[in-house]
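# Structural features, examined
Each chain is listed here by its residues.
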Amino acid sequence: MTQMRTLKVALLGCGNVGAQVARILIDDADALASRTGARLELSGIAVRTPDARRDVELPADLLTTDAESLVKDADLVIELMGGIEPARSLILTAIRHGASVVTGNKALLAQDGPTLYEEADKAGVQLSYEAAVAGAIPILRPIRDSLSGDRITRVLGIVNGTTNFILDQMDSTGAQFADALAEAQRLGYAEADPTADVEGLDAAAKAAILASLSFHTRFALEDVYCEGITGVTAADIAAAKDAGFVIKLLAIAEKLSDSEGNEGVSVRVHPTLLPREHPLAAVHGAFNAVFIEAENAGELMFYGQGAGGTPTASAVLGDLVSAARRIVLGGPGRTETTTGHVPALPIDAAVTSYYIGLDVADQPGVLARIAQLFAEHGVSIETMRQTVHREPSSPATSAELRIVTHRASEAALAATVQAVKGLDVITSVTSVLRVEGV
Ligand code: NAP
């Protein structure tokens, strides 16, 4: 019987995810060896404080503060420290020493992905990062491999569990944003400083990754238009609910072409109204889901846990086995294609439907004036609902108008809203929200 070779695995970080990866590497060593064709030997775990309490029991001699030496002596490196430095330098050292790297560090990939991908290509090693988007959900590999013979047209993702929990809480209890955030923090779904989540920055980093793989072009964080959920009010949620919608923070990447046939990709993160019957509307709590539309496959949805140590470790191990198999079998391995060369479009060029809430004077001819103004700006109305409020003590009445438009460009919609605000019969524009899935 031939001796199975051993591959040295260096683990950087032993926190929420790293500790679970270490546990699985040790506990499931035999199963992983049979799937890989090599034994995966955990050669060491780099941390800041070796004697800190860990979530799992590990041999003390595996823990070290000397990450650099560990990396230089490894066949495979798993980076689960987070942050930019020293993660970035250690990944580059690993690549230059010929090790394949698995990481879950979306912040680093969004900031410096292109340098890391190029270095990995040059060195002929793999850089894999399934855990960086939607935790446990296998989404990057299906986009990159399973759908590589198709043409993806649109990706809609709930890729941040914290904001989905908050919006779901607001939807189900009528709570204001601040109260729902406090509840998320109490339950451990939101960090003490929730900025990266609630301002949409975490989702934007993931949107850049999803767009890059879907459209075979490298998009960076600065290509992503980003609007978080801090401005979403209980009144917005209630009005959306009343009109048959739910509000979700979506990461959207879609290919658009203008009247001359020039193609571009709109990559954006913003609160979005979805019809309550849309598959993404059924994603509750801190769960994640990614909805893909492809020319031949049609509609696909991927759903599961977007975070958590053990679920995320599953995605890390999948990447590790794949990278290890490639070392065992040889060959060029999997590469990402970047031959799309489609430019990122500014937010003005985004095309979507809109929900507009207006308080208006209840006078004859108001609806016709508003409809005409929309038509003059090339924005066509799909539905317009009016609710009249009559003051018991006075003859004066006001009305609330809820308009859903057909797909229109962001620029045309902005001009329409500006013009509507100038009408003397308008008391206020109560909300302008983008709508998908209608
Ligand atoms: P974490 O709990 O904060 O753990 C970080 C680990 O890295 C700790 O063990 C820490 O050591 C070590 N570390 C940090 N800086 C270091 C340094 N300068 N030198 C040596 N060790 C250092 O982080 P996590 O939640 O596991 O997340 C890890 C990565 O996975 C991040 O990039 C995150 O974005 C990504 N991710 C996480 C999740 C999730 O659910 N948590 C989901 C998807 C992706 P000490 O323990 O000694 O402090």
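Residues numbered from 1 in each chain as written. Predicted model: local features only at pLDDT ≥ 70, side-chain atom pairs only at ≥ 80, totals over all residues. Heavy atoms only, no water.

## Brief notes about the nonpolar core
Within the largest apolar cluster, 79 residues are counted, with the highest numbers of intra-cluster contacts made by Val77, Ile139, Ile166 and Ile292. Among the elements that make up this core, the one with the highest residue count is helix 10 (residues 201-215) (9 residues). In this structure, Leu80, Leu317, Val321 and Ala323 belong to the second largest nonpolar core, which totals 33 residues. (Core = buried A, V, L, I, M, F, W, Y, C linked by side-chain atoms within 4.5 Å. Buried < 20%, exposed > 50% of the residue type's maximum accessible area, 1.4 Å probe, protein only. Helix = DSSP H or I, 4+ residues; strand = E, 2+ residues; numbered from the N terminus.)

## Some points on helix 8 (residues 177-186)
The periodicity of an α-helix, 3.6 residues per turn, causes residues three or four positions apart to be oriented the same way. Restricting attention to buried positions, one finds in helix 8 the residues Phe177, Ala180, Leu181 and Ala184. Looking straight down helix 8, one finds that the buried residues subtend no more than 100° of arc, so they occupy a single side. When the buried face of helix 8 is taken as reference, the exposed residues oriented beyond 90 degrees from it are Ala178, Asp179 and Arg186. The inward-facing, buried residues of helix 8 abut helix 7 (161-173) and helix 9 (195-198). (Arc of directions from axis to C-beta. Contact = heavy atoms within 4.5 Å.)

## Re the packing of aromatic side chains
Overall, the coordinates contain 3 aromatic pairs when judged by the stated rule. Ring geometry for Phe165 against Tyr189: centres 4.6 Å apart, planes inclined by 35°, an arrangement best described as tilted. Separated by 24 residues along the polypeptide, Phe165 in helix 7 and Tyr189 in the loop between helix 8 and helix 9 bring together distant segments of the chain. Classification of Phe165 as buried rests on a relative accessible area of 9%. Relative accessible area serves as the criterion here: at 40%, Tyr189 is assigned to the partly exposed category. For the ring pair Phe287 and Tyr303, a centre distance of 5.2 Å and an interplane angle of 5° mean the geometry is stacked. In this pair, Phe287 is assigned in strand 11 (residues 287-294) and Tyr303 in strand 12 (residues 298-305), connecting sequence segments 16 residues apart. (Phe/Tyr/Trp six-rings, centres within 6.5 Å; stacked < 30°, edge-to-face > 60°.)

## Observations regarding empty space enclosed by the protein
All told, the structure shown has 3 cavities of 30 Å³ or more when counted by the stated rule. Reported here for the largest cavity is a volume of approximately 140 Å³. For the lining of the largest cavity, the elements supplying multiple residues, two or more each, are helix 5 (106-123) and helix 10. Residues lining the lining of the largest cavity come from more than one domain, with at least three contributed by each of domain 1 (5-128 + 310-329) and domain 2 (140-306). (1 Å grid on protein atoms, 1.4 Å probe; cavity = no way out; pocket = protein on both sides within 12 Å on 5 of 7 lines; lining within 4 Å. Points joined across faces, edges and corners; volume = space filled by probe spheres on them. Domains from an automatic or database assignment.)

## Some points on the side chain of Thr272
Along the chain, the position of Thr272 falls in strand 10 (residues 263-275). A polar side-chain atom of Thr272 sits 2.9 Å from the main-chain carbonyl oxygen of His270. When neighbours within four sequence positions are excluded, Thr272 is seen to be in contact with Val246, Ile247, Lys248, Leu250, Ile252, Arg434, Val435 and Glu436. (Polar contact = N/O pair within 3.5 Å; in protein donor to acceptor, adjacent residues only side chain to side chain.)

## Focus on the site of the ligand
The immediate surroundings of the ligand are formed by 21 residues, with Cys14, Val17, Thr49, Arg54 and Gly308 found nearest. Between the ligand and Val17, the relevant distance is 2.9 Å, taken from an oxygen atom to a main-chain nitrogen or oxygen of the residue. Its residues assigned to classes, the shell around the ligand shows 9 nonpolar, 9 polar and 3 charged. (Near = heavy atom within 4 Å. Nonpolar A, V, L, I, M, F, W, Y, C, P; charged D, E, K, R; others polar.)

## Considering the sheet that holds strand 2 (residues 38-46)
With parallel pairing, the 6 strands of this open sheet are ordered in space as 3-2-1-4-5-6. Among the strands making up the open sheet, the edge pair consists of strand 3 (63-64) and strand 6 (127-128). Bridge count between strand 4 (residues 76-79) and strand 5 (residues 100-103): 4 bridges; the pairing is parallel. Along strand 5, the bridge assignment pairs Glu79 with Thr103. (Pairing = 2+ DSSP bridges.)

## Focus on helix 11 (residues 234-242)
For helix 11, the full list of buried residues reads Ala234, Asp236, Ile237, Ala239 and Ala240. Check the buried side of helix 11 and you find it contacts helix 7, strand 9 (245-257), strand 10, strand 13 (351-361), strand 15 (397-405) and strand 17 (426-435). Remark: Gly244 follows helix 11 within two positions and exhibits a positive phi of approximately 90°.

## Details of unusual backbone geometry
The peptide bond linking Glu85 to Pro86 adopts the cis configuration, its omega dihedral lying at 5°. Mapped onto the elements, Pro86 comes out in the loop between strand 4 and helix 4 (87-96). Phi at Ala134 is positive, roughly 60°, even though this residue is not glycine. Here Ala134 is to be found in the loop between strand 6 and helix 6 (140-146). A residue is classified by how much of its surface remains accessible, and Ala134, at 0% relative accessible area, is buried. The backbone of His216 shows a phi angle near 50°, a positive value even though the residue is not glycine.

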